Amino acid sequence: MENIKTNTSGVNREYARSIPQKWTFVLLHLGIVAFCAWLTYFDGWSVITSIFDLNWTFIDQDRALILFACVVLYWVRHTLTVFYLLARKIEWAEVFGVLSFMALFEIGLLLLGGGAFRDYTIGLGWVDGVALSLLAFGSYLNSFSEIQRKWWKKDSQNKGQCYTAGLFSYAMHINYFGDFVLFTGWCLFTYNYWSLLLPLSMAYSFVYFHIPSLDLHLAERYGDEFKSYSIATKRFIPFVY
């Protein structure tokens, strides 16, 4: 099929390997993980705050350890995405823009959940079970839907066709919905409910910016096949919207 070059919502949809960008993205993201490890295991937050004569530390260490595991899981998943699943071109602006966002939420949620700004611990309970279940389920929806599509597209008989099976049969952008679910769980685990504004803002961005622009690209690429799929399938939330 003809290579359609479009740039929608700041994302270049042209196919390209983008090797320097991918390695930069993954290694700098690993640097964020290392910084989170320093905060969690080597009392880095106390070192930082001591500069300003503050006595802040990770009082909720068990929660901080679990949140750090979430950071590691997210790095593993994104490394898989970048080197295995992602076929489109990655611009340098996207690399540094996404990394800035990742640093904000990965470090920020670790500080919030680890008790860096409070003087009491919060015992693990049923809410945490729900939160981690959402994080695991959202990760599955996002990553496995992309893996299913990757496997399908590797078959030469499917070249030039729009993938509508697997998890994508439940929603056209089930991978975006997976992100919303996993971030809802991640934020819920911090016990700082203001952080839930993060997944809500992501959902708003998906519904009003990313999905409409991506749909225009897919309609151009697949024509009537995509039109039929869009009529029969929910856009974002399975069975709802």
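Residues numbered from 1 in each chain as written. Predicted model: local features only at pLDDT ≥ 70, side-chain atom pairs only at ≥ 80, totals over all residues. Heavy atoms only, no water.

(A) Expanded view of the nonpolar core. In this structure, F58, F105, F183, W186 and F236 are the most contacted members of the largest nonpolar core, which totals 59 residues. For this core, the secondary-structure elements that each account for two or more residues are α1 (19–41), α3 (61–85), α4 (92–113), α5 (126–154), α6 (174–189), α7 (197–222) and α8 (224–232). Ranked by the residues each element gives to this core, the list is headed by α6, at 11 residues. (Core = buried A, V, L, I, M, F, W, Y, C linked by side-chain atoms within 4.5 Å. Buried < 20%, exposed > 50% of the residue type's maximum accessible area, 1.4 Å probe, protein only. Helix = DSSP H or I, 4+ residues; strand = E, 2+ residues; numbered from the N terminus.)

(B) Local environment of the packing of α6 against α7. Contact geometry for α6 and α7: axes closest at 9 Å, N-to-C directions at 170°. With respect to α7, the element α6 is oriented roughly antiparallel. When α6 is examined against α7, the residues Y176, D179, F180, F183, T184 and C187 are found in contact with a partner set consisting of L198, P199, L200, M202, A203, F206, H210, I211 and L214. (Axes fitted to C-alpha atoms, helices over the stretch in contact; angles between N-to-C directions. Parallel < 35°, antiparallel > 145°, perpendicular 65-115°, else oblique. Contact = heavy atoms within 4.5 Å.)

(C) Focus on the pattern of salt bridges. Within this structure, the stated rule accounts for six salt bridges. With a closest N to O distance of 2.5 Å, E146 and R149 form a salt bridge. Separated by three residues within a single helix, E146 and R149 lie in helix α5, roughly one turn from each other. Of the residues examined, R149 reaches a relative accessible area of 25% and is grouped as partly exposed. Residues participating in the shared-partner salt-bridge network are D60, R63, R118 and D128. (Salt bridge = Lys/Arg side-chain N within 4 Å of Asp/Glu carboxyl O.)

(D) Just the environment of F137, in detail. Looking at the secondary structure, you find F137 in helix α5. The class of F137 is partly exposed, set by a relative accessible area of 44%.

(E) Representation of unusual backbone geometry in the model. Phi at S18 takes a positive value of approximately 55°, unusual for a residue other than glycine. In this structure, S18 sits in the loop between β2 (11–12) and α1. When its relative accessible area of 10% is taken as the criterion, S18 is described as buried. Even without being a glycine, Y191 presents a positive backbone phi close to 60°. For Y191, the location among the structural elements is in the loop between α6 and α7. Its relative accessible area of 24% is what places Y191 among the partly exposed residues.

(F) Main features of the side chain of Q148. Within the fold, Q148 resides in helix α5. Classification of Q148 as buried rests on a relative accessible area of 19%. For Q148, the side chain forms a polar contact with the main-chain nitrogen of L167, separated by 3.0 Å. Not counting chain neighbours up to four residues away, the residues in contact with Q148 comprise Y163, G166 and L167. (Polar contact = N/O pair within 3.5 Å; in protein donor to acceptor, adjacent residues only side chain to side chain.)

(G) Quick look at the packing of aromatic side chains. Going through the model one piece at a time under the given rule, you end up with 27 aromatic pairs. Between the aromatic rings of F105 and W186, the centroid separation amounts to 5.4 Å while the plane-to-plane angle is 85°, which identifies the pairing as edge-to-face. With F105 in helix α4 and W186 in helix α6, this pair connects stretches of sequence that are 81 residues apart. Residues F177 and F236 carry aromatic rings whose centres are separated by 5.8 Å and whose planes lie at 90° to one another, so their mutual orientation is edge-to-face. Remark: F236 occurs in the segment after α8 and F177 occurs in helix α6; sequence separation between them is 59 residues. Summarising the burial analysis for this pair, F177 and F236 share the class buried. Three or more aromatic residues joined by ring pairs form one cluster here, namely Y74, F101, F105, F183 and W186. Sitting over the ring of F189, R63 keeps its end group 4.8 Å from the ring centre. For K150, the ring lying beneath its charged end belongs to Y84, and the centroid distance is 5.4 Å. (Phe/Tyr/Trp six-rings, centres within 6.5 Å; stacked < 30°, edge-to-face > 60°. Lys NZ or Arg CZ within 6 Å of the ring centre and 35° of its normal.)

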